[in-house]
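What the coordinates show
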Amino acid sequence: MTRTDWFDDAACRDVDTDVFFPTSEAHADEAKAICAVCPVREECLEYALDTRPGDGVWGGLTAPERHRLIRRRQKAARKSREARPAA
Ligand code: SF4
């Protein structure tokens, strides 16, 4: 089960949620600025990478940015597995 107690310290707790669900990528700057100073940014991002919400800014990244990060991590994990000598 994914923990969410980190949200108690979130910089966005008292911010209108609409800010975090911009109408386009180009309108995500306000949310990203708040995330940039959030003390639980890493926890938030990992939560979003685990639960994969389809939209919104989480941990400072938009959904397409999170999708690209997931793909980069998967590629790195695959390379790491391939680089290991066979047992
Ligand atoms: S990183 Fe951004 S979306 Fe996540 S808790 Fe902090 S302010 Fe909210």
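What counts and how
- Residues numbered from 1 in each chain as written.
- Predicted model: local features only at pLDDT ≥ 70, side-chain atom pairs only at ≥ 80, totals over all residues.
- Heavy atoms only, no water.
- Helix = DSSP H or I, 4+ residues; strand = E, 2+ residues; numbered from the N terminus.
- Buried < 20%, exposed > 50% of the residue type's maximum accessible area, 1.4 Å probe, protein only.
- Lys, Arg positive; Asp, Glu negative; His and termini not counted.
- Salt bridge = Lys/Arg side-chain N within 4 Å of Asp/Glu carboxyl O.
- Polar contact = N/O pair within 3.5 Å; in protein donor to acceptor, adjacent residues only side chain to side chain.
- Contact = heavy atoms within 4.5 Å.
- Patch = residues over 30% accessible without salt bridge, like charges linked within 9 Å, V, L, I, M, F, W, Y side chains within 5 Å.
- Areas by Shrake-Rupley, 256 points an atom, 1.4 Å probe, with all protein chains shown as cover.
- Charge placed at Lys NZ, Arg CZ, Asp CG, Glu CD.
- pLDDT = per-residue confidence, 0-100.
- Phe/Tyr/Trp six-rings, centres within 6.5 Å; stacked < 30°, edge-to-face > 60°.

**Section: the side chain of R66**
Relative to the assigned elements, R66 resides in helix α3 (residues 63-83). Although R66 lies buried, it forms no salt bridge, and the closest oppositely charged side chain, D55, sits 6.2 Å away as judged by the N-O distance. A distance of 3.5 Å separates a polar side-chain atom of R66 from the backbone oxygen of D55. Aside from chain neighbours lying at most four places away, what touches R66 is L45, A48, L49, P53, D55, G56, V57, W58 and L61.

**So, a positive patch on the surface**
Together, K75, R78, K79, R81 and R84 give the surface a local cluster of positive charge. Mapping R84 onto the fold places it in the segment after α3. The class for R84 is exposed, based on a relative accessible area of 55%.

**What about the confidence of the model for the protein chain?**
Across the protein chain, the average pLDDT comes to 94, with 98% of residues at or above 70. The lowest-confidence element of the protein chain is α3, averaging 96 in pLDDT; the highest-confidence one is helix α1 (residues 29-36), averaging 98.

**Considering the packing of aromatic side chains**
Summed over the entire model, instances satisfying the criterion amount to three aromatic pairs. Feature note: the residues W6, F7, Y47 and W58 constitute an aromatic cluster, connected by ring pairs.

**Overview of the side chain of E65**
Its place among the elements puts E65 in helix α3. Classification of E65 as buried rests on a relative accessible area of 19%. Ignoring any residue separated from it by four or fewer positions in sequence, one finds E65 in contact with E25, K32 and G60.

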